[in-house]
Amino acid sequence: MPICGLKCSICWVVLGVWGIIQLALMGVFLRVHAVAFAEDLPINDAEWEASKWNMDYVYKKYDAASNNCFVAAGVYVCILVFSGIQYRLNTRQNYVMQ
C-alpha cells in the first residue's frame, strides 16, 4: 500500500538524487580541504589561537564537515530508496479510487 502518490514519489526521487550528488561532492571537496569552504567552517578563534595557529585544528574542522556531508548524503540515500519503493508501488498497483 503506497503512502504517497505517484507525483510526490517522483519529486522525492529527484530530490534524493540531487541531494546525494550535491552532498557527496561537497564531502569530497571538504575532504581535500578546498579553500572555497574555509568561510563555512565553525572555526573558533580562541581555540585556534590556543593551538598556536596550528593548521591541524582547521583540518579537523574540514574533516568534521566532510563527515557531516557524507552522513547527510546517506540520509538522502534512505529517502531515495523509500521514494523509489513508493514509485514502484504506485506504478504496479492498480487500485480504484472510490
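Every value quoted in this text rests on a predicted model; they were computed, and no experiment measured them.

### Digging into the environment of Tyr-57
Part 1 of the argument: If you trace the backbone, Tyr-57 turns up in helix α3 (residues 55-92).
Part 2 of the argument: C-alpha of Tyr-57 to C-alpha of Asn-44: the two residues are 13 residues apart in sequence and 9.8 Å apart in space.
Part 3 of the argument: Once you skip the residues sitting within four places of it in the chain, Tyr-57 turns out to touch Pro-42, Ile-43, Asn-44, Glu-47, Trp-48 and Ser-51.
Part 4 of the argument: Separated by 3.0 Å, the side chains of Tyr-57 and Glu-47 make a polar contact.

### Some details on a nonpolar patch on the surface
Part 1 of the argument: On the surface, a cluster of nonpolar side chains totalling about 610 Å² of accessible area is made up of Val-17, Ile-21, Leu-25, Val-28, Phe-29, Val-32 and Phe-70.
Part 2 of the argument: Ranked by residues supplied to the nonpolar patch, first place goes to helix α1 (residues 6-31) with five residues.
Part 3 of the argument: Assignment of secondary structure puts Val-32 in the loop between α1 and α2 (45-50).

### Some words on unusual backbone geometry
Part 1 of the argument: Positive phi outside glycine occurs at His-33, with the angle close to 60°.
Part 2 of the argument: You can see His-33 is positioned in the loop between α1 and α2.
Part 3 of the argument: For His-33, a relative accessible area of 26% translates into the label partly exposed.

### Side note on α3
Part 1 of the argument: With 38 residues, α3 extends 55 Å from end C-alpha to end C-alpha; this agrees with the ideal 56 Å at 1.5 Å per step.
Part 2 of the argument: For α3, every residue scored as buried is listed here: Tyr-57, Val-58, Tyr-62, Ala-65, Ser-66, Cys-69, Ala-73, Ser-83, Gln-86 and Asn-90.
Part 3 of the argument: Check the buried side of α3 and you find it contacts α1 and α2.
Part 4 of the argument: The backbone nitrogen of Asp-56 has a side-chain oxygen 3.2 Å away, supplied by the residue at the start of α3, namely Asn-54.

### Side note on the packing of aromatic side chains
Part 1 of the argument: Counted by the stated rule, this structure contains one aromatic pair.
Part 2 of the argument: The interplanar angle of 75° and the centroid separation of 5.1 Å between the aromatic rings of Trp-48 and Trp-53 together place this pair among those described as edge-to-face.

Cut-offs and rules
Residues numbered from 1 in each chain as written. Predicted model: local features only at pLDDT ≥ 70, side-chain atom pairs only at ≥ 80, totals over all residues. Heavy atoms only, no water. Helix = DSSP H or I, 4+ residues; strand = E, 2+ residues; numbered from the N terminus. Contact = heavy atoms within 4.5 Å. Polar contact = N/O pair within 3.5 Å; in protein donor to acceptor, adjacent residues only side chain to side chain. Patch = residues over 30% accessible without salt bridge, like charges linked within 9 Å, V, L, I, M, F, W, Y side chains within 5 Å. Areas by Shrake-Rupley, 256 points an atom, 1.4 Å probe, with all protein chains shown as cover. Salt bridge = Lys/Arg side-chain N within 4 Å of Asp/Glu carboxyl O. Buried < 20%, exposed > 50% of the residue type's maximum accessible area, 1.4 Å probe, protein only. Expected span 1.5 Å × (residues − 1). Phe/Tyr/Trp six-rings, centres within 6.5 Å; stacked < 30°, edge-to-face > 60°.

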